[in-house]
Amino acid sequence: MTAPPESFDAIILGAGGAGLMCAAIAGQRERRVLVIDHADQPGRKILISGGGRCNFTNLHTAPDRYLSANPHFAKSALGRYRPEDFITLVDAHGISWHEKTLGQLFCDGSAKQIVGMLLDECDRGNVTIRCDTRFDAIDHADGRFTVSQGRSTAQAPALVIATGGPSIPKMGATGIAYDIARRFGLKVVEPRPALVPLTLGGEGALFKSLSGVASEVIAKAGKASFREAALFTHRGLSGPAILQASSYWRHGETVGIDFTPDQAAGWLREAKRARPRAAARSALGAILPDRLAVALAERLALTGELANFADRVLEAAERRLADWRFAPDGTEGFAKAEVTVGGIATAGLSSQTMEARAVPGLYAIGEAVDVTGWLGGYNFQWAWASGWAAAQAL
């Protein structure tokens, strides 16, 4: 016999960062909140983030560090719930943290502390959390959403989609957010892997012999550029600079790598005048890892002493080293992507409340939405901010 429906003020689908944040805030605003997640525990992506220490925000958070079909959409939520607001919460729970580089904040201890903090905040709001729970159907009638879970059902006037995107499927990630959105008439911007290693074929495959070599570079894709480390792998290119550029890269385009970001124009020609008998390879080796210097010298045909090369040849080599073009044949896909670019179209959502304009009571937050941050804590800050914004409206 089927039990009568349980009644809540809001049902949140997804117990990740955005879902838990939204639930905690709404619960503390005396809303009766149910969180449902098919995973066996809440916050699974949080637990593996930042090498297990959770890069929970970034001090330099700003709307221009997010990708979206509408670059202005994230401004409202990010402006109303800022990194310092989340830091205040972290401090209140006695969690020690440190800044690593580029404004990235990590727990000194474990990512488990962030999950524990969010669960404590949910407890304060008497939130009901059900993990290892799958829903069979979602219905909407008479201003109420009904979520069926086997023999039980739950009803609420508000439903929040916080199920994330399809990145890292081994953690249980799926594209169900998009199915739910389409079910209610919302549009979806084509999802694709982001913050993901790039694969090389053809001529670029020659660099696979450098697997394991890393160097600080400037990586460029489209109009974006990032100065961080690039790493050669057995499949292509990775490392922070490449992951950042991957979010802006599209199939058929090239990625530019500046291997010599600290060298002024004419540096090779200056090296020739200073040490004409030095091997060209050693001039590269003075600023690059040895294996990379050897590989680049060979591809530039810079074999022998610097004195053997005309200035125009060295100038051409300088230009190539400052903008070496790779033509990736793809990415390592959602399996290795940290996040997803694309998602539920922001055109159908309120930037202040995250509510669907055409479906009162339906909300979408976090990675499910077409807002994707840079590497380094930006996506967590969007999760906290969008979850907070929706909770104010529930």
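What counts, and where the lines are drawn
- Residues numbered from 1 in each chain as written.
- Predicted model: local features only at pLDDT ≥ 70, side-chain atom pairs only at ≥ 80, totals over all residues.
- Heavy atoms only, no water.
- Helix = DSSP H or I, 4+ residues; strand = E, 2+ residues; numbered from the N terminus.
- Buried < 20%, exposed > 50% of the residue type's maximum accessible area, 1.4 Å probe, protein only.
- Contact = heavy atoms within 4.5 Å.
- Axes fitted to C-alpha atoms, helices over the stretch in contact; angles between N-to-C directions.
- Parallel < 35°, antiparallel > 145°, perpendicular 65-115°, else oblique.
- Left-handed = near helix turned anticlockwise from the far one by under 90°.
- Nonpolar A, V, L, I, M, F, W, Y, C, P; charged D, E, K, R; others polar.
- Pairing = 2+ DSSP bridges.
- Core = buried A, V, L, I, M, F, W, Y, C linked by side-chain atoms within 4.5 Å.
- Phe/Tyr/Trp six-rings, centres within 6.5 Å; stacked < 30°, edge-to-face > 60°.
- Lys NZ or Arg CZ within 6 Å of the ring centre and 35° of its normal.
- Expected span 1.5 Å × (residues − 1).

Participant: Give a description of the overall build of the chain that names residues and reports values.
Facilitator: Of regular secondary structure, the chain possesses 12 helices and 23 strands. For the chain, the C-alpha atoms occupy an extent of roughly 85 × 40 × 35 Å along the three principal directions. A buried classification covers 53% of the 394 residues belonging to the chain. Within the chain, contacts between residues separated by at least 24 positions form 73% of all contacts whose residues are at least 6 apart in sequence.

Participant: Outline the packing of helix α1 (residues 17–28) against helix α5 (residues 112–124), supporting the account with residue identities and numerical values.
Facilitator: Where α1 contacts α5, the two axes come as close as 7 Å, and the packing angle between them is 25 degrees. Relative to α5, the element α1 is oriented roughly parallel. At the point where α1 passes α5, the crossing takes the left-handed sense. Across from Leu 20, Met 21, Ala 23, Ala 24 and Gln 28 in α1, the residues of α5 making contact are Leu 118, Leu 119, Glu 121, Cys 122 and Arg 124. A class-by-class count of the residues in the contact of α1 with α5 yields seven nonpolar, one polar and two charged.

Participant: Explain the packing of α1 against helix α12 (residues 378–393) residue by residue, including any values.
Facilitator: For the pair α1 and α12, interaxial distance at closest approach is 8 Å and the crossing angle is 35 degrees. Seen from above, α1 lies across α12 with right-handed handedness. Across the interface between the two elements, Gly 17, Ala 18, Met 21, Cys 22, Ile 25 and Ala 26 of α1 pack against Ala 383, Trp 384, Gly 387, Trp 388, Ala 390, Ala 391 and Gln 392 of α12. Here the contact of α1 with α12 is composed, by residue class, of 10 nonpolar, three polar and no charged.

Participant: Describe the side chain of Ser 49, listing the residues and the values that go with them.
Facilitator: Checked against the element boundaries, Ser 49 lands in the loop between α2 (44–48) and β4 (55–58). Every residue in contact with Ser 49, bar those within four places of it in the chain, is listed here: Cys 54, Asn 55 and Phe 380.

Participant: Go over the sheet that holds strand β2 (residues 10–13), please, and point to the residues and values.
Facilitator: With parallel pairing, five strands are arranged side by side in an open sheet as β8-β3-β2-β12-β22. Strands with a single pairing partner mark the edges of an open sheet, and in this sheet they are β8 (128–130) and β22 (362–364). Between one strand and the next, the sheet's axes are offset by a mean angle of 20 degrees, whatever the strand orientation. Two elements, strand β3 (residues 33–36) and β8, share three bridges in a ladder whose sense is parallel. What sits directly across from Leu 34, in β8, is Thr 128. α1 rests against β2, β3, β8 and β12 (159–161) of the sheet, and its axis sits at about 165 degrees to β3.

Participant: How would you sum up the nonpolar core? Please name residues and give values.
Facilitator: Phe 86, Ile 114, Ile 344 and Trp 384 are the most contacted members of the largest nonpolar core, which has 91 residues in total. When residues of this core are assigned to their parent elements, the largest contribution, 10 residues, is made by α12. Not counting residues up to four positions away in its chain, the partners in contact with Phe 86 are Met 21, Phe 56, Tyr 81, Ile 114, Met 117, Gln 381 and Trp 384. Judged by nonpolar contacts, the second largest core, of 39 residues, contains Trp 249, Ala 280, Leu 292 and Ala 293.

Participant: I'd like to hear about the packing of aromatic side chains, residue by residue, with values.
Facilitator: Any pair of aromatic rings gets described here by the distance separating the centres and the angle formed by the planes. Enumeration according to the criterion identifies 14 aromatic pairs in this entry. Between the aromatic rings of Tyr 66 and Tyr 378, the centroid separation amounts to 6.2 Å while the plane-to-plane angle is 90 degrees, which identifies the pairing as edge-to-face. Taken together, the positions of Tyr 66 in strand β5 (residues 66–67) and Tyr 378 in helix α12 put the pair 312 residues apart, joining distant regions of the chain. Looking at Tyr 66, the relative accessible area reads 6%, which means it is buried. Note on Tyr 378: relative accessible area 3%, which makes it buried. Across the ring face of Phe 106, the terminal group of Lys 100 is positioned such that the distance to the ring centre comes to 5.1 Å. Here the guanidinium or amino end of Arg 320 rests over the ring plane of Trp 324, the centre of that ring lying 3.9 Å away.

Participant: Which residues make up α1, and what values do they have?
Facilitator: With 12 residues, α1 extends 17 Å from end C-alpha to end C-alpha; this agrees with the ideal 16 Å at 1.5 Å per step. With 11 of its 12 residues buried, α1 lies for the most part within the structure. Where α1 is concerned, the buried positions are Gly 17, Ala 18, Gly 19, Leu 20, Met 21, Cys 22, Ala 23, Ala 24, Ile 25, Ala 26 and Gly 27. Trailing α1 by a residue or two, Glu 30 shows a phi angle of about 65 degrees, which is positive.

Participant: Go over the sheet that holds strand β20 (residues 330–331), please, and point to the residues and values.
Facilitator: Taken in spatial order, the seven strands line up as β19-β18-β15-β16-β17-β14-β20 in an open sheet, and their pairing is antiparallel. Two strands close off the open sheet at either side, each with one partner strand: β19 (324–326) and β20. In this fold helix α11 (residues 311–322) packs onto β15 (214–221), β18 (255–258) and β19, with an angle of close to 120 degrees to the strand it touches most, β18.

Geometric descriptors of this kind do not, in isolation, establish any biological role.
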